[in-house]
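This is what each chain is made of:
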Amino acid sequence: MKTNVKVISLFLLLSQVLFSGDVFSQWNFSLSTNQEFNSNPFRSVTSGSDFISTYELGIEKEFNGFNILYYGSYNTFRTAVDIDYYWHQGGIYSRTENRIIGTYFEQRINKEANNYFDYQNYAAYAKNTFSFLSLKWNTGINLNYMNYSNLSDFNNWIVSANIRSSKSFQTKTTLIGAFTFNYKGFKDFSSYTDSLNEGNTTQNNSGNVNVSQIEFNGRVAQSIFDNTGLALNFNAKKIISGSGFGASLFESTYGDMELYDDPISQEGFSVGAMLTQVFSNDIVFKLRYFYFYKSYPSQGIYHSETEYDKNISRLDNQSQLSSTLTKTFLIGSSSESAIHLSLNIFLINNNSNSYYYNYKNDLFSISLNYQF
């Protein structure tokens, strides 16, 4: 831990020396680190804890009419050292007062022991903001192609379209409603077989895995006192065609949840609340609780480690409790240069009718972010 502190301190000092001149006035930089204790980082039914260190670099350059950006993060594990990995993203976007259009590429690079989670992701998006009937509206469309280097059956493309509306009142109340349509197709899918079943019984075929889903979101935010706010959230998902494709044989990996808990190949609902308290000296405290009910039509259940039943769909009930305490330190007279220090707690309790998805996950971390 002492070594990590020395590295971070040296990193911040060098960044001030190297990037404080006017030559970088058109650039935005960020340096971050997150030091985390996680009781069950892979969300396994048999948990094993680990200490995880994440180091991030962000660079953004402003041009006339468009911006380019690059973000990268390196994740290291104290115990599971053979699954350290690097993730990075590069993109370009153009922004006007009411519209933003952009594209990006991201990649995850794992060590050999974990390289079945290697992927390349290509995406493009457009967002628009306007006012109509005294409401503020946001619309967007996203196109996404995911390519897994060593798991071609999971290669997929997604089209997602959404519309969001919000209305604020003099009572310091804000109402937000959103609707999203998702379509996910599996590009190279042929068949899915369960290797734990006798005879490698096929569970899905290319005719039913492509999935359409609709999603509703509602939010009510209320200012209680000058520095206190409460928000209530509701979300509902419904699959309207196909079943999706859940990788139920794969254990979760840290930092990538699509293969383990694909948000489009599930339906159900969630309810939650968030309390925000702003203190003096730029200190912000947030407390959140969410309950999720999830159904997975593409997955059967495991009655035990080896007994699989394809005729019963997996159902999960999940509770999440989290809190964040953040302190901001402004550097100089510019609000664009600041250090953000955060203390984070994140607790998950997942109960499932499928053996492998009964787990608990407790996370405690400290984050340091320097923007300049």
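Computed from a predicted structure; not experimentally measured.

### Quick notes on the pairing of strand 9 (residues 173–186)
For step 1, the next point in the chain: Pairing of strand 8 (residues 156–168) with strand 9, which is carried by 13 bridges, proceeds in the antiparallel orientation. Its bridge partner being in strand 9, Ile163 is matched across the sheet by Phe179.
For step 2, the next point in the chain: The turn joining strand 8 and strand 9, which pair antiparallel and follow one another in sequence, is formed by four residues; a positive phi near 65° is taken by Lys172.
For step 3, the next point in the chain: Relative to strand 12 (residues 211–225), strand 9 is paired through 12 bridges, and the arrangement is antiparallel. From the neighbouring strand, Phe181 faces strand 12, where its bridge partner is Ile214.

### Observations regarding the packing of aromatic side chains
For step 1, the next point in the chain: If you walk through the whole model with that rule in mind, you get 22 aromatic pairs.
For step 2, the next point in the chain: On the basis of an interplanar angle of 70° and a centroid distance of 6.1 Å, the ring pair of Tyr119 and Tyr148 is categorised as edge-to-face. A residue pair is termed long-range when its members are at least 10 positions apart, and Tyr119 in strand 6 (residues 119–132) and Tyr148 in strand 7 (residues 135–148) qualify at 29 residues.
For step 3, the next point in the chain: Among the residues examined, Tyr148 registers a relative accessible area of 1% and is labelled buried.
For step 4, the next point in the chain: Over the ring of Phe63 we find Lys61; its NZ or CZ atom is 5.3 Å from the centre of that ring.

### Brief notes about the pattern of salt bridges
For step 1, the next point in the chain: One pass over the structure, following the stated rule, counts seven salt bridges.
For step 2, the next point in the chain: Between Asp84 and Lys111 there is a salt bridge, with the nearest N and O atoms lying 3.9 Å from each other. Taken together, the residues span a long stretch of sequence, with Asp84 in the loop between strand 3 (67–77) and strand 4 (85–95) and Lys111 in the loop between strand 5 (99–110) and strand 6 at a distance of 27 residues.
For step 3, the next point in the chain: By relative accessible area, which is 9% here, Asp84 ends up buried.
For step 4, the next point in the chain: As a salt-bridge pair, Lys184 and Asp262 come within 2.9 Å of each other at their nearest N and O atoms. Placement of Lys184 in strand 9 and of Asp262 in the loop between helix 2 (258–261) and strand 14 (267–279) is noted, with a sequence separation of 78 residues between them.

### Brief notes about the environment of Thr103
For step 1, the next point in the chain: Along the chain, Thr103 turns up in strand 5.
For step 2, the next point in the chain: On the accessibility criterion, Thr103 (36% relative accessible area) is partly exposed.
For step 3, the next point in the chain: Apart from residues lying up to four places away in sequence, Thr103 is in contact with Gly90, Gly91, Ile92, Ala123, Ala124 and Tyr125.
For step 4, the next point in the chain: Within the structure, the side chain of Thr103 is placed 2.7 Å from the backbone oxygen of Ala123, a separation counted as a polar contact.

### Regarding the nonpolar core
For step 1, the next point in the chain: Among the nonpolar cores identified, the biggest contains 10 residues, and these are Phe117, Tyr119, Met146, Tyr148, Leu151, Phe154, Phe186, Val209, Phe245 and Leu259.
For step 2, the next point in the chain: Core analysis: the next-biggest nonpolar cluster, separate from the first, contains seven residues, Phe42, Ile52, Ile83 and Tyr85 among them.

### Here we look at the layout of surface pockets
For step 1, the next point in the chain: Volume-wise, the largest pocket comes out at about 410 Å³.
For step 2, the next point in the chain: In terms of lining residues, the largest pocket is bounded by 21 residues, among which Asn34, Glu36, Tyr254, Gly255 and Leu363 are the most central.
For step 3, the next point in the chain: For the lining of the largest pocket, the secondary structure elements donating two or more residues are strand 1 (27–38), strand 2 (50–62) and strand 20 (359–371).
For step 4, the next point in the chain: The element contributing the most residues to the lining of the largest pocket is strand 1, with five residues.
For step 5, the next point in the chain: By residue class, the composition of the lining of the largest pocket is four nonpolar, 13 polar and four charged.

Rules of the game
- Residues numbered from 1 in each chain as written.
- Predicted model: local features only at pLDDT ≥ 70, side-chain atom pairs only at ≥ 80, totals over all residues.
- Heavy atoms only, no water.
- Pairing = 2+ DSSP bridges.
- Helix = DSSP H or I, 4+ residues; strand = E, 2+ residues; numbered from the N terminus.
- Phe/Tyr/Trp six-rings, centres within 6.5 Å; stacked < 30°, edge-to-face > 60°.
- Buried < 20%, exposed > 50% of the residue type's maximum accessible area, 1.4 Å probe, protein only.
- Lys NZ or Arg CZ within 6 Å of the ring centre and 35° of its normal.
- Salt bridge = Lys/Arg side-chain N within 4 Å of Asp/Glu carboxyl O.
- Contact = heavy atoms within 4.5 Å.
- Polar contact = N/O pair within 3.5 Å; in protein donor to acceptor, adjacent residues only side chain to side chain.
- Core = buried A, V, L, I, M, F, W, Y, C linked by side-chain atoms within 4.5 Å.
- 1 Å grid on protein atoms, 1.4 Å probe; cavity = no way out; pocket = protein on both sides within 12 Å on 5 of 7 lines; lining within 4 Å.
- Points joined across faces, edges and corners; volume = space filled by probe spheres on them.
- Nonpolar A, V, L, I, M, F, W, Y, C, P; charged D, E, K, R; others polar.

Coordinates in, geometry out; function isn't part of it.
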